[in-house]
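What follows is the residue order along each chain.
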Amino acid sequence: MAGNDWINSYLEAILDVGPGIDEAKSSLLLRERGRFSPTRYFVEEVITGYDESDLHRSWVRAQATRSPQERNTRLENMCWRIWNLARLKKQHEEKEMQRMAKRRMELERGRREAVADMSEDLSEGEKGDASEISTHGESVRGRLPRISSTDTMDSWASQQRGKNMYIILISLHGLIRGENMELGRDSDTGGQVKYVVELARALGSMPGVYRVDLLTRQISSPEVDWSYGEPQEMLPPRNSEGLMEDKGESSGAYIIRIPFGPRNKYVTKELLWPYIPEFVDGALSHIVQISNVLGEQIGNGRPVWPATIHGHYADAGNAAALLSGALNIPMVLTGHSLGRDKLEQLLKQGRLSRDEINSAYKIMRRIEGEEISLDASEFVITSTRQEIEEQWRLYDGFDPILERKIRARIRRNVSCYGRFMPRMAVIPPGMEFHHIAPYDGDMEPEGEAGEDGKAIPPIWSEIMRFFSNPRKPMILALARPDPKKNLATLVKAFGECRPLRELANLTLIMGNRDTIDEMSGTNASVLLSILKLIDKHDLYGYVAYPKHHKQADVPEIYRLAAKTKGVFINPAFIEPFGLTLIEAAAYGLPMVATKNGGPVDIHRALDNGVLVDPHDQQSIADALLKLVADRQLWTKCRSNGLKNIHLFSWPEHCRTYLSKIESCKPRQPRWLRVVDDDDDYNSESDSPSDSLRDIHDLSLNLKFSFDADKGDNQESGDGSEDQKSKLENALLSWSKGLTKSRSGNDRGEQNTNATKFPAVRRRKYVFVISVDSDTSTDLSKIVRTILEAATKEKSDGSVGFVLSTSMNIGEIRSFLVSEGLAHIDFDAFICNSGGDLYYSALQSEGNQFVGDLYYHSQIEFRWGGEGLRKTFVRWAGSILYKDGGKEDHVIVEDEEASADYCYAFKVRRPGTIPPAREVRKLMRMQALRCHVVYCQNGRKINVIPVLASRSQALRYLYLRWGMDLSKVVVFVGESGDSDYETLFGGIHKTVVLGGVCSTASSLIHANQSYPLTDVIDYASPNIIKASDGCNSSELRASLEKLGVLKG
């Protein structure tokens, strides 16, 4: 480069550049008056577009440019782009180091406070033996033995006979069907789709399992095949290996497609978040229906509820958590791919900012969905330990060290003061091996008949046409042309090792393509680099890279490699699991694999190959040469793989899976429980709050009152044994009475009280007033407007009303009295942001409100009780406001407004408190599971059970009293409490009252980690906005437009 004048022009361009260049006009700006403009090129291509995936393409264009000046300018700009990218990556690394240091301090502080709350010093017994506990808290001695023989499986199967488990699996995104799966059609239809379908199929054929439902989205769109619109599809077993038995009608495995989201449109997983509540409502209806059907078939007339609800990926995990909370049924989670890990990887690449990543991938909502799933899960299934140690530990809701301490206390029956960590269970994915017959013969010459005299498969010919000597051992790599798969290093290692080239051929199965120009930029760049390496090392005749293959061809490709006595290689920089390694081993192929990630566990189990450093080219070449050249070693690795491959079979996977589920404490809707059946109480529990160990917690959790004023009846928590005994006896008697009444109702013998109470069960429509108004006067005005809009329907009883609010029942009573409203105007009251549920008593004298005790038992899961309250009080005491040298507490406990399942706190200065997400993060880091709700425009905080909310209370009313959710209309303002987003979605209708609560968003929602538009579809036909300050007649017109009321 002759001089530095170009640098000055570039710097001037940086200083002079104004608004961003319009993309539509950018190509025209590259030239001024017909000549190439370096300054314009620099501004457009360097400053506004530094994506490193385009660097190689830019270099190709620069080399193809005829003008020397233009070519030199493009090359110079590439240098600037690389420098700019390196600078951005360095900035990210510095920010990342600061963030990680801050997170380590927060984790240490949370861990320290949690341990201090549980005990000042852990005893030696509580510390546990390091040899017995793994880093993720799973006892080594307690692990299940692997199946080593048919006798072992038969023995286990005989123990399962007589059990009739009903299991729910959920996988929402992608295209799911039982046959001819379109794997690779898009990024949503990949390995997860195949895994969940095969898991459902395998579980459905296991002894002790009656029915398995795989719930997914129903898609009726011209973009996809009609089969994805079928509401139900049966999954017949591939091979039951003698385990399948004749179970009866409705048994087996099914794909159940629930309609939710945009009709007649296939959307990506990033756009499904607003429609998760709609799926939950549809899934509830299906589960209730099937449970009743199974009850008639195998349950002696009582519903057979699912043993577990298993969510796959963040979206399904979030849905499973809501279903688990609504049904009081254990939940299991498999993350597959984790949001925090993806966010870290994208930030390290430096191509996108955090905001751009969130906009493209909705990554913050995905991470929150994973945190919610951790809150609700009994245990989390992972494929490898690496997933636990390097991915799940990034989450606020899981700390391996604190989990180990909690597990030690649980083993000793010592209270954990409301703290809980989900267990991590490593269960590798299963495979079907019954159809695989490893090849033991030698390679026949090309063109001859194959096995059993049959013609050789077409894919063999397609591969072998590349080779000058197709009889040489074949090194097989099967992966996308993605930089992470490290295929270029493999080709380089093969090309630069002459002995390896002379002994073996290399086959690269890199997906399907028509032309390189049609591939994505990154994949095309990788493929071009591989082709250039082939040309550089003159590997023609040594390397095969076919353009097309079918899914059905993959077994034949493995078989061809085994037939030539070849080797399978996975050289990825990091491999989360490595299912292809297991597939290859099943066909008798030794492996060479990366030492980073899942292959470590696979190698430990199979002992059928060599692990290598993927960054060490020489190590890769040496390992391949060693296996190809040493026939004795090759035979030993092949034999070990075939001998141990059963460890990854579907029966083994399902056996371990079912054993984990059976270790969970059974749960089901409490109001349907047969009281004299105490099996549930004899089950082992992993959480002290789920058992009867702590009598103090029991006295708090089982308190009930038919009048809601907490101040009139405060429990000290130190009552005598007689008081506790009376409380338990009262509950038992009350439960038996309701159970008998419920049983009578099921037989059609309804008594007078049952038909009158609660009134919500006989309404045609239910109007739920969930407006979070700042003042009681404004709320009163809104309530009257809604009541007047449905005056006619209210009088004839076809419409009922529910008041849903952050106030407790005492504050609601005061509100009704002060505003001149009658309690009988409302059928039910959802209080304390969903922490309590009351019904209006029919009699005018005496108690006006009746509390639903079973609602408490439904939401108490993971409730931290007094341990949570103390921790929150301590946190509130740390938030101080300085004014004139004086310090004052910003947040104080409101004992009068608190209840057994809601701790209330007053906020004196709403603008000075941390965002709700920071408080949730703090509680999760201390293993406390709760739902923190900022209410009344930031002037109040309600802390309620983790799976309690106002929207979940509506689902409870549906489940217990049959309130049709599709006939529910929820009234909300333009903003509201921090749980505002949960009031949208679902199959109910929503009316947004214009001009109401319009100021709340600035204080409560401004600091959300994701915008409300990520989770609310305002264009939904179930959502309508009423005009600002509308009167009752205008509101009625809106309701008529929704089809709720008639004109």
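About the criteria used
Residues numbered from 1 in each chain as written. Predicted model: local features only at pLDDT ≥ 70, side-chain atom pairs only at ≥ 80, totals over all residues. Heavy atoms only, no water. Helix = DSSP H or I, 4+ residues; strand = E, 2+ residues; numbered from the N terminus. Contact = heavy atoms within 4.5 Å. Areas by Shrake-Rupley, 256 points an atom, 1.4 Å probe, with all protein chains shown as cover. Axes fitted to C-alpha atoms, helices over the stretch in contact; angles between N-to-C directions. Parallel < 35°, antiparallel > 145°, perpendicular 65-115°, else oblique. Nonpolar A, V, L, I, M, F, W, Y, C, P; charged D, E, K, R; others polar. Core = buried A, V, L, I, M, F, W, Y, C linked by side-chain atoms within 4.5 Å. Buried < 20%, exposed > 50% of the residue type's maximum accessible area, 1.4 Å probe, protein only. Phe/Tyr/Trp six-rings, centres within 6.5 Å; stacked < 30°, edge-to-face > 60°. Disulfide = S-S within 2.5 Å. pLDDT = per-residue confidence, 0-100. Pairing = 2+ DSSP bridges. Salt bridge = Lys/Arg side-chain N within 4 Å of Asp/Glu carboxyl O. Polar contact = N/O pair within 3.5 Å; in protein donor to acceptor, adjacent residues only side chain to side chain. Expected span 1.5 Å × (residues − 1). Arc of directions from axis to C-beta. Right-handed = clockwise from strand over helix to strand, strands pointing away.

### Re the overall build of the chain
In step 1: Along its length, the chain carries 38 helices and 30 strands.
In step 2: For the chain, contacts bridging at least 24 residues in sequence account for 72% of all contacts bridging at least 6.
In step 3: Of the roughly 44900 Å² that the chain leaves accessible, carbon and sulfur atoms contribute 49%.

### Considerations on the packing of helix H17 (residues 487–495) against helix H19 (residues 521–536)
In step 1: Where H17 meets H19, the closest approach of the two axes is 9 Å, and the angle between their N-to-C directions is 5 degrees. Taken as axis vectors, H17 and H19 run roughly parallel relative to one another. In this structure, H17 contributes Leu487, Ala488, Val491 and Lys492 to the contact, and H19 contributes Ser529, Ile530, Leu533 and Ile534.
In step 2: Classifying every residue of the contact of H17 with H19 gives six nonpolar, one polar and one charged.

### Focus: the nonpolar core
For soluble globular proteins, the rule of thumb is that nonpolar side chains tend to be buried together.
In step 1: Ranked by internal contacts, the top residues of the largest apolar core, which has 127 residues, are Ile170, Phe279, Trp392, Phe872, Ile891, Tyr934 and Ile941.
In step 2: In contact with Phe279, other than residues within four places in its own chain, are Ile170, Leu172, Leu215, Thr216, Ile258, Phe260, Ala319 and Leu323.
In step 3: Formed by 71 residues, the second largest nonpolar core is a distinct cluster that contains Cys497, Leu500, Leu560 and Ala585.

### Comments concerning the packing of aromatic side chains
In step 1: Evaluation of the coordinates by the stated rule reveals 18 aromatic pairs.
In step 2: With a centroid separation of 5.4 Å and an interplanar angle of 65 degrees, the aromatic rings of Phe767 and Phe971 are classed as edge-to-face. With Phe767 in strand E17 (residues 765–769) and Phe971 in strand E28 (residues 968–972), this pair connects stretches of sequence that are 204 residues apart.
In step 3: By relative accessible area, which is 0% here, Phe767 ends up buried.

### A closer look at the state of the cysteines
Each disulfide consists of one covalent bond between the sulfur atoms belonging to two cysteines.
In step 1: Tallying each qualifying case throughout the model produces zero disulfides.
In step 2: Here Cys902 is not cross-linked by a disulfide; its sulfur's nearest cysteine counterpart is in Cys935, at 7.5 Å.
In step 3: Its relative accessible area of 0% is what places Cys902 among the buried residues.

### Focus: the confidence of the model for the chain
In low-pLDDT regions, the fine details of the predicted coordinates are not to be read closely.
In step 1: Mean pLDDT over the chain stands at 80; residues scoring 70 or higher make up 76%.
In step 2: In the predicted structure, residues 1–34 sits below a pLDDT of 50 and forms 35 contacts with residues beyond four places in sequence or in another chain.
In step 3: Within the model, pLDDT remains below 50 along residues 120–149, and this stretch shows 54 contacts once partners closer than five positions in the same chain are excluded.

### Quick look at the pairing of strand E22 (residues 880–883)
Regular strands have side chains that alternate between both faces of the sheet.
In step 1: Strand direction decides the pairing type here: E22 and strand E23 (residues 886–889), joined by four bridges, are antiparallel. For Lys882, the partnering residue across the bridge sits in E23 and is Glu887.

### So, the sheet that holds strand E11 (residues 474–478)
In step 1: Spatial strand order, E13-E12-E11-E14-E15-E16: six strands in an open sheet with parallel pairing. Edge strands, defined here as strands with exactly one partner in the open sheet, are strand E13 (543–544) and strand E16 (609–612).
In step 2: Across four bridges, strand E15 (residues 591–594) lies against E16 in parallel orientation. When the sheet's bridge partners are listed, Ala593 is paired in E16 with Leu611.

### A word on the sheet that holds strand E26 (residues 930–935)
In step 1: Spatially, the four strands line up as an open sheet ordered E24-E25-E27-E26, and their pairing is antiparallel. With partners counted over all chains shown, the strands left at the sheet margins are strand E24 (891–893) and E26, one partner each. Direction aside, the axes of adjacent strands within the sheet are offset by 25 degrees on average.
In step 2: Relative to strand E25 (residues 903–907), E24 is paired through three bridges, and the arrangement is antiparallel. Its bridge partner lying in E25, Glu893 is registered against Phe905.

### Brief notes about the pattern of salt bridges
In step 1: In total, this model carries 43 salt bridges according to the counting rule given.
In step 2: The salt bridge partner of Lys163 is Glu662, with a shortest N-O separation of 3.0 Å. Taken together, the positions of Lys163 in the loop between helix H7 (150–160) and strand E3 (165–170) and Glu662 in helix H25 (residues 650–662) put the pair 499 residues apart, joining distant regions of the chain.
In step 3: Taking relative accessible area as the criterion, Lys163 reaches 34% and is therefore assigned partly exposed.
In step 4: Between Glu811 and Lys940 there is a salt bridge; the shortest N-O distance is 3.6 Å. Here Glu811, found in helix H32 (residues 809–818), pairs with Lys940, found in strand E27 (residues 940–945); they are 129 residues apart in sequence, far enough to count as distant.

### As for unusual backbone geometry
In step 1: With a phi close to 55 degrees, Asn300 is a non-glycine residue in the positive phi region.
In step 2: Inspection of the secondary structure assignment puts Asn300 in the loop between helix H9 (276–298) and strand E7 (308–312).
In step 3: Here His336, not a glycine, exhibits a phi torsion of approximately 65 degrees, which is positive.
In step 4: By the secondary structure assignment, His336 is in the loop between strand E8 (331–334) and helix H11 (339–349).
In step 5: In this structure His336 comes out as partly exposed when scored by relative accessible area, which is 27%.

### Quick notes on the side chain of Lys269
In step 1: By the element assignment, Lys269 lies in the loop between strand E6 (252–258) and H9.
In step 2: A polar side-chain atom of Lys269 sits 2.6 Å from a polar atom in the side chain of Asp188.
In step 3: Excluding anything up to four places from it in sequence, Lys269 contacts His173, Ser187, Asp188, Tyr313 and Asp315.

### Concerning helix H23 (residues 617–629)
In step 1: Compared with the 18 Å implied by 1.5 Å per residue over 13 residues, the 18 Å span of H23 between its first and last C-alpha is a close match.
In step 2: Ile620, Ala621, Ala623, Leu624, Leu627 and Val628 are the residues of H23 that are buried. Along the long axis of H23, the arc covered by the buried residues comes to 165 degrees, so they all point the same way.
In step 3: Of the residues that open H23, the one with a side-chain oxygen 3.1 Å from the backbone nitrogen of Gln618 is Asp616.

### Considerations on helix H30 (residues 776–789)
In step 1: Taking 1.5 Å per residue, 14 residues should reach 20 Å; H30 reaches 20 Å between its end C-alpha atoms and fits that length.
In step 2: Taken as a whole, H30 has its buried residues at Leu779, Ser780, Ile782, Val783, Thr785, Ile786, Leu787 and Ala789.

### Points about the side chain of Ser773
In step 1: Of note, Ser773 is situated in the loop between E17 and H30.
In step 2: Engagement of the side chain of Ser773 in a polar contact is seen with the backbone nitrogen of Leu779, the distance being 3.5 Å.

### A short note on the pairing of E8
In step 1: By the alternation rule, side chains of E8 split into Met331 and Leu333 and Val332 and Thr334, which are all buried.
In step 2: Pairing analysis gives four bridges linking E7 to E8, with the strands arranged parallel. Paired with Gly311 across the bridge in E8 is Leu333.
In step 3: In this fold, the crossover linking E7 to E8 by way of helix H10 (residues 313–327) has right-handed handedness.
In step 4: Two elements, E8 and strand E9 (residues 379–382), share three bridges in a ladder whose sense is parallel. Note that in E9 the partner of Leu333 across the bridge is Val380.

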